[in-house]
Amino acid sequence: MKKNKNIMILGTSSGAGKSITAAGLCRVFYKNGWKVTPFKAQNMALNSYVTKDGLEIGRSQGVQAAACKIEPEGYMNPLLLKPCGNNQIQIILNGKPVGNMSGYDFSKEKPKYKEHILKAYKKTEKFDICVLEGAGSPVEINIKENDLVNMGMAEMADAPVILVADIDRGGVFASVVGTMVLLEPHERERVKGIIINKFRGRKDMLLSGIKKLEEIIKVPVLGIIPYFDVDIEDEDRVTERLRKEKGKAINVAVINLNHLSNFTDIDPLKKQEDVGVSYTDNPYELDDADIIIIPGSKNTISDMEFIREKGIDKKIKELHQKGKIIIGICGGFQILGKELCDKDGVEGNPRTVKGVGLFNMTTVFSEGKTTTQYRGKLKNTEGILQGMDGCEIFGYEIHQGISFSETENSLTDDKFIKAIVKENIFGTYIHGIFENNCITERILNIVREKKGMSYKFLKESYEEYREKQFDKLEKIMRENIDIEKIYEIIFKK
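Notes on the structure in this doc start here.

The rules behind each value
- Residues numbered from 1 in each chain as written.
- Predicted model: local features only at pLDDT ≥ 70, side-chain atom pairs only at ≥ 80, totals over all residues.
- Heavy atoms only, no water.
- Helix = DSSP H or I, 4+ residues; strand = E, 2+ residues; numbered from the N terminus.
- Polar contact = N/O pair within 3.5 Å; in protein donor to acceptor, adjacent residues only side chain to side chain.
- Phe/Tyr/Trp six-rings, centres within 6.5 Å; stacked < 30°, edge-to-face > 60°.
- Buried < 20%, exposed > 50% of the residue type's maximum accessible area, 1.4 Å probe, protein only.
- Lys NZ or Arg CZ within 6 Å of the ring centre and 35° of its normal.
- Core = buried A, V, L, I, M, F, W, Y, C linked by side-chain atoms within 4.5 Å.
- Contact = heavy atoms within 4.5 Å.
- Salt bridge = Lys/Arg side-chain N within 4 Å of Asp/Glu carboxyl O.
- Axes fitted to C-alpha atoms, helices over the stretch in contact; angles between N-to-C directions.
- Parallel < 35°, antiparallel > 145°, perpendicular 65-115°, else oblique.
- Nonpolar A, V, L, I, M, F, W, Y, C, P; charged D, E, K, R; others polar.
- 1 Å grid on protein atoms, 1.4 Å probe; cavity = no way out; pocket = protein on both sides within 12 Å on 5 of 7 lines; lining within 4 Å.
- Points joined across faces, edges and corners; volume = space filled by probe spheres on them.
- Pairing = 2+ DSSP bridges.
- Disulfide = S-S within 2.5 Å.

**Description of the side chain of Thr 371**
And step 1. Take Thr 371: it is sitting in strand 21 (residues 362-377).
And step 2. Separated by 2.6 Å, the side chain of Thr 371 and the backbone oxygen of Gly 54 make a polar contact.

**Some points on the packing of aromatic side chains**
And step 1. Counted according to the given criterion, the structure contains 12 aromatic pairs.
And step 2. Centroid distance Phe 39 to Tyr 121: 5.2 Å. Interplanar angle 75 degrees. Geometry classified as edge-to-face. Placement of Phe 39 in strand 2 (residues 36-39) and of Tyr 121 in helix 4 (residues 114-122) is noted, with a sequence separation of 82 residues between them.
And step 3. Using a relative accessible area of 0% as the deciding quantity, one classes Phe 39 as buried.
And step 4. You can call Tyr 121 buried: its relative accessible area is 1%.
And step 5. Considering the side-chain rings of Tyr 455 and Phe 457, the 6.2 Å spacing of their centres and the 55 degrees angle between planes classify their relative orientation as tilted.
And step 6. Tyr 455 sits in the partly exposed class, given a relative accessible area of 44%.
And step 7. A connected cluster of aromatic rings, assembled from ring pairs, spans Phe 29, Trp 34, Tyr 487 and Phe 491.
And step 8. Note that Arg 200 overlies the ring of Tyr 227, its terminal NZ or CZ placed 3.7 Å from the centroid.

**With respect to the nonpolar core**
And step 1. Counting 64 residues, the largest nonpolar core has Ile 291, Ile 293, Phe 426 and Ile 439 as its most contacted members.
And step 2. When sequence neighbours within four positions are dropped, the list of residues in contact with Ile 439 reads Leu 378, Leu 385, Met 388, Ile 393, Phe 426, Ile 433 and Phe 434.
And step 3. The next biggest cluster of nonpolar side chains, apart from the first, holds 49 residues, and it includes Met 8, Ala 159, Met 180 and Ile 217.

**Details of the pattern of salt bridges**
And step 1. Taken as a whole, this structure holds 34 salt bridges when the rule is applied.
And step 2. Where Glu 56 meets Lys 369, a salt bridge forms, and the shortest distance between an N and an O atom there is 2.9 Å. Of this pair, Glu 56 sits in strand 5 (residues 56-58) while Lys 369 sits in strand 21, placing them 313 residues apart in sequence.
And step 3. For the salt bridge of Glu 479 with Lys 475, the shortest nitrogen-to-oxygen distance reads 2.5 Å. Residue Glu 479 and its partner Lys 475 are located together in helix 15 (residues 462-480), separated by four residues, close to a single helical turn.
And step 4. Here Glu 479 falls in the exposed class, since its relative accessible area comes to 52%.
And step 5. Here the salt bridges do not stand alone but share partners, grouping Arg 27, Lys 31, Lys 69, Glu 467, Asp 471, Glu 474 and Arg 478 into one network.

**Examining the packing of helix 2 (residues 59-67) against helix 15**
And step 1. Relative orientation of the contacting elements helix 2 and helix 15 amounts to 80 degrees, with a least axis distance of 10 Å. Taken together, the axes of helix 2 and helix 15 lie roughly perpendicular to each other. In this structure, helix 2 uses Val 63, Ala 66 and Ala 67 to contact helix 15, whose residues at the interface are Arg 466, Glu 467 and Phe 470.
And step 2. Among the residues forming the contact of helix 2 with helix 15, the class breakdown is four nonpolar, no polar and two charged.

**A few points about empty space enclosed by the protein**
And step 1. As enumerated under the stated definition, the model contains two cavities of 30 Å³ or more in all.
And step 2. One number sums up the size of the largest cavity: a volume of about 180 Å³.
And step 3. For the largest cavity, the lining is made up of 18 residues, of which Ser 297, Lys 298, Ile 398, His 399 and Gln 400 are closest to its centre.
And step 4. Sort the elements by how many residues they give to the lining of the largest cavity and strand 22 (residues 392-404) lands first, with three residues.
And step 5. For the lining of the largest cavity, the class distribution of residues is three nonpolar, 11 polar and four charged.
And step 6. As for the second largest cavity, its lining consists of Pro 268, Lys 271, Gln 272, Phe 434, Glu 435, Asn 437, Thr 440, Leu 458 and Tyr 462.
And step 7. A breakdown of the residues in the lining of the second largest cavity according to their chemical character gives four nonpolar, three polar and two charged.

**Describing unusual backbone geometry**
Most peptide bonds take the trans form, and the phi angle of most residues other than glycine is negative.
And step 1. Its identity is not glycine, yet Lys 198 carries a phi of approximately 65 degrees, on the positive side.
And step 2. For Lys 198, the location among the structural elements is in strand 11 (residues 191-199).
And step 3. One non-glycine residue, Cys 330, lies in the positive phi region at around 55 degrees.
And step 4. Within the element layout of this structure, Cys 330 appears in the loop between strand 18 (325-329) and helix 13 (331-335).

**A few points about the sheet that holds strand 7 (residues 88-93)**
And step 1. The mixed open sheet is built from four strands, whose spatial order is 3-6-7-8. Here the strands that pair on one side only, and so sit at the sheet edges, are strand 3 (42-44) and strand 8 (96-102). Across the sheet, the mean angle separating the axes of adjacent strands is 20 degrees when strand polarity is ignored.
And step 2. When strand 6 (residues 79-83) meets strand 7, the two strands line up antiparallel, connected through five bridges. The residue bridging Leu 80 from the neighbouring strand is Ile 92, located in strand 7.

**A short note on the state of the cysteines**
And step 1. For the coordinates displayed, the defined rule picks out one disulfide.
And step 2. A sulfur-sulfur distance of 2.4 Å marks the disulfide that ties Cys 391 to Cys 438. Given an S-S torsion of about -80 degrees, the disulfide between Cys 391 and Cys 438 has left-handed geometry. Residue Cys 391 is found in the loop between strand 21 and strand 22, and its partner Cys 438 is found in helix 14 (residues 437-450); the two are separated by 47 residues along the sequence.
And step 3. For Cys 391, a relative accessible area of 15% corresponds to the buried category.
And step 4. Its sulfur unpaired, Cys 84 is 14 Å from the next cysteine sulfur, which belongs to Cys 330.
And step 5. For Cys 84, a relative accessible area of 9% corresponds to the buried category.

Shown next as structure tokens:
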């Protein structure tokens, strides 16, 4: 069925660098004049993206599509799994939710999704090159049966494979050799090259080990990528984001929810030189924050109960009275309301719980899921957004639940509430809200003014900033990987 040329990026483990390597190669191929598309058969992530036609896909494919300078589409990730608590995962098939099930039940059901994946992959045929990405490790032998995303997908697509290994965590040679040993003989034949990722130090100190590795596995090492600092949003590296950034003038505290999702919403704040971001579930650590953000959640009611157990709700109300800026995004917005009603048990057991209560707003959950891109203009602005009527904002929505209020003024003209601002509190369903320079500038400059600092204005859009980061990534790929050898692998038949 293969009509385009392709390459598949697999990793020796989760976090090895598959997504960023795939994005980098997408950028290199695009800059070399090829028409390129990403593809990942199956994703498991809480950080997702919504296409223009309202389909939900993994965030990494949205990023990789941007690297290719093409519009993200549903075919790029036909199967998305979103953990939602209680040992359940939500199944997103071809961009739409089709139900929840346990991981065990999904493993039994996997074969029926193969035809959907093949149909989606067929849409890549209009491109010159397809860069496929695997998931986790390709040799989890206890769950390898009916694999749809690693070597199973490589065989379906008849794709050559490059294996990425993370040297920073240690044991890189053992992880590569172990992976190759656990592959079936016909699978090993597909592996055409190795990339050593996240190397710190002098490369000449590694060369003797590389030579021995190549002798053992009979596969060449195509590159040694140094540990680099390129600010491209990712899908899985939550733990790295939890590191506290100290010594910054503006402190942003993000509530580290149990079911935190779409954490890339915070990325535009992190790129500001005077802004430090930390994640916490300790209410006393919020005292030093200038801005407190309740982020998105895959299980809002469960996370509301978590916030109450920790005493974070009381601390947020206390800090609101002291004038700290409080922001809720999507599930965090719902949490800021007075009531969360789930009579149908969409998020687990049927129940109704009280929210933090800073907005006079009720959220009712139902089976229907909102997935749409958003563009509109603000109205009814007050408080920290005073005078911003007419400001155009964009982003996307991914949520179950609709919010109602008889007293709060919505910031948009939509039928249901999308955003509310009141005094020093701002809540919205719109993911990517900080990619809007008008919002980010206003909120950060309010803090700067309180602290006697000079105003700062954003000179480039978030999209322009991200393009520069893609170009930095491309440069790193070209300088540290044998790109010509990769072309030989792709086009050799």
